[in-house]
Amino acid sequence: MPVFLDGQQNLAALSVPGVYGDIILPTPFIAGTPTNIEGLVGVASWGKTNALIPVSKPADAAIYIGPPQVRPYDISSYVSAATQVGGSIGFYCVRVTDGTDLAATASIQSGALTLTGACTGSLGNQITASLQFGTAAQSLMAIVAFPGLVPEQFNNVAGPTAATGSATFTGQPTANDTLTIAGSAITFVASGATGMQVNIGTSLPVTLSNLLTFLLASQDTGLVKCTYGLSGSTLSITANQFSGTGTNAGTGGNALTLAKVSTNITVSGATLTGGVGTWQTFWTNLANVINNGNAVRGQSQFVVATAGVSTLMPVVGQTYTFSGGTDGAAGVTDATLMGQDVVPRKGMYVLRNSSCDCFTLCDLSTPAFYAAITSFGLSETMMPIMGTVKGDSIANALATRINSGVDTPWMWLLMGDWPSFFDSFNGYTRLINPAAFGIGIVGNLSPQQSPLNKPLGGVTSTQRSQLGQTYSDTELSQINLGGIDTILPPSSSPGGFYFSFATGRNASSNTAANGVEYTRMTNFLIRAAQSKAAGSIIGQLQSIQPNDQTRAKAKALFDGFSAQLASPQVGLGINGQGMIDKPWSVVCDLSNNPPDLQARGYLFLYWTVRYLNVVRYFVVKFQGGGNVSVTVQSTQPTAQQFQTQVNSGV
């Protein structure tokens, strides 16, 4: 029975009798995109440059981009501060450098093998490497340790092929018979063996056991050039590739001699045979395993290996520490953070198509770049969060916003009253750009919520609060009307004794769109509208019939998503409001898709959503007194009951 997906077979042209299976896939539904992934652009001590590096918490950052450092533009410092607001946040980090960054290296045994950090940066200086004996015979294992992660083990790396030989005993040796190995003669004696002598036992197995025991314990300069084993009446002899300076490894072992004076001993040849290669073979094999992996493990995530031409024998047990790694951070400027929007993209433009909710360029302080930043944010449905210079004033922050030409919902501009936080890695409290806590609060709030009056966990003070300065109502009025925001001290936060943002307003003069929640909610819904579920409509067929299936599917798609957003389960509290208000409207019919536009390939869907409104002014009208009349009614009061009564003179 032919089986196919609906639309893959021309059903009007069937010619072969039979039963056909036409599978109709279910209609997809829109799934909201995450709003807790935030973009950070700055410097780091590890990680690929100009690439997205995902981290979730300071422990991740310490491994993948390096721990916080007290310096300008430091990404890891922003991660440490932002995650103190709450843990429901993730980051895409973009590391930039001034071009002088170097990868740490380690030279193993005078360049026999050179290991180089997989990324540039000073964190690579903490990588260590060592060689140990492998599980398999005649093999070695390399161990590469990276701070904070499980060490990588490259086990059973083969070196050169060892030369081998044998001595087979057809009967008991007689007194004064000899077996010579690598130029050292062993004499069999009836009893009282000393020096290079072995006692003849009561049987051949006893004699061979005496011989093997002697060989394994001997420190003779010739005998230590080989290793030994016993199988039945045959003594196996293998070149010891780790003796001396390793000259017996590989082809070098073929020069080790064998001889006997006995009618009951047969040697495999005048020398050992089968040795192939040198220790340079091992260094090449090890580099290949580190760089490409093998059947039991993948390539190294920490280092890249380069084999030299050395034939030095590996030294087992020695630890090598990397050095020379540099961050390339000293020459980074605001322009470096901005980067370029051509392939390969650099800096801010690496965040294209990343689906971040908000982003910041760590410590950028050049207002001339604000216009380009807001333009990029709008194009990518992301909200930039920027802080002005350290110790800024209200007047200068307002002037900065006006003079930079920023009047758009796609910028949250924070006045440079820098907050302090405890940096646990460096062990003291220090200042950081307020954008770090701006990123932290939006990454821990769903998009319909305003950062206004939300506790900023982790903030210990601001520059003004350290001096005992608060914000007057006049100053707060300037801030609220000026399209900027700042961090309030606990004494000024309306909802409690905590640090919080004063306005929750973006940089727009449009009073209907100047809340941070407007920008984030709009970005969230637009990203959802551009999802693959909505994209599945592309290529479908549309007709002028009132009950057209394609338009019905499109409407159902957005009605279903709107119903999900309006349900209290995805909102706040139990039986509370959802993420949007009710009602919403979705129109996709012949009224907005006339035949002439259909003929041009258009399908229009009008989606109207009412956002929830942020309470900014909670007014409590109070009347009290000994002669006040209080009445209670069980019905809902009307607006007219609260209107001021006009004195009619009656």
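Note that this is a predicted model, so its numbers are computed, not measured.

Colleague: Describe the overall build of the chain, listing the residues and the values that go with them.
Modeller: Of regular secondary structure, the chain possesses 14 helices and 30 strands. Relative to the compact-globule value of 26 Å for 650 residues, the chain shows a C-alpha radius of gyration of 39 Å, a clear excess of over 25%. By the burial criterion, 45% of the 650 residues in the chain qualify as buried. Residue pairs at least 24 apart in sequence account for 66% of intrachain contacts in the chain once pairs closer than 6 positions are excluded. If you sum the accessible surface of the chain, you get close to 31100 Å²; carbon and sulfur atoms cover 56% of it.

Colleague: So what's going on with the sheet that holds strand 18 (residues 265–267)? Residues and values would help.
Modeller: Reading across from one edge, 15-16-11-18 is the order of the 4 strands in this open sheet, with antiparallel pairing throughout. Sheet topology places strand 15 (226–231) and strand 18 at the edges, where each strand pairs with a single neighbour. Strand-to-strand twist of the sheet, defined as the mean angle between neighbouring strand axes without regard to direction, takes the value 20°. Inspection of the sheet shows strand 15 paired to strand 16 (residues 234–239) by 6 bridges, in the antiparallel sense. Each residue of the ladder has a partner; that of serine 231, found in strand 16, is threonine 234. Strand contacts of helix 3 (residues 204–217): strand 11 (164–169), strand 15 and strand 16, with the helix running at about 160° to strand 15, the strand carrying the most contacts.

Colleague: Outline the pattern of salt bridges, supporting the account with residue identities and numerical values.
Modeller: As enumerated under the stated definition, the model contains 15 salt bridges in all. Between arginine 71 and aspartate 327 there is a salt bridge, with the nearest N and O atoms lying 2.8 Å from each other. Taken together, the residues arginine 71 in the loop between helix 1 (58–64) and helix 2 (75–82) and aspartate 327 in the loop between strand 20 (319–321) and helix 5 (334–338) connect sequence positions 256 residues apart. As far as the burial class goes, arginine 71 and aspartate 327 line up, both buried. The partner of arginine 401 in a salt bridge is aspartate 407, with the nearest N and O atoms 3.6 Å apart. Counted as one network, the salt bridges with shared partners bring together Asp341, Arg345, Arg352 and Glu380.

Cut-offs used in this document
- Residues numbered from 1 in each chain as written.
- Predicted model: local features only at pLDDT ≥ 70, side-chain atom pairs only at ≥ 80, totals over all residues.
- Heavy atoms only, no water.
- Helix = DSSP H or I, 4+ residues; strand = E, 2+ residues; numbered from the N terminus.
- Rg over C-alpha atoms; globule rule 2.2 N^0.38 Å.
- Buried < 20%, exposed > 50% of the residue type's maximum accessible area, 1.4 Å probe, protein only.
- Contact = heavy atoms within 4.5 Å.
- Areas by Shrake-Rupley, 256 points an atom, 1.4 Å probe, with all protein chains shown as cover.
- Pairing = 2+ DSSP bridges.
- Axes fitted to C-alpha atoms, helices over the stretch in contact; angles between N-to-C directions.
- Salt bridge = Lys/Arg side-chain N within 4 Å of Asp/Glu carboxyl O.

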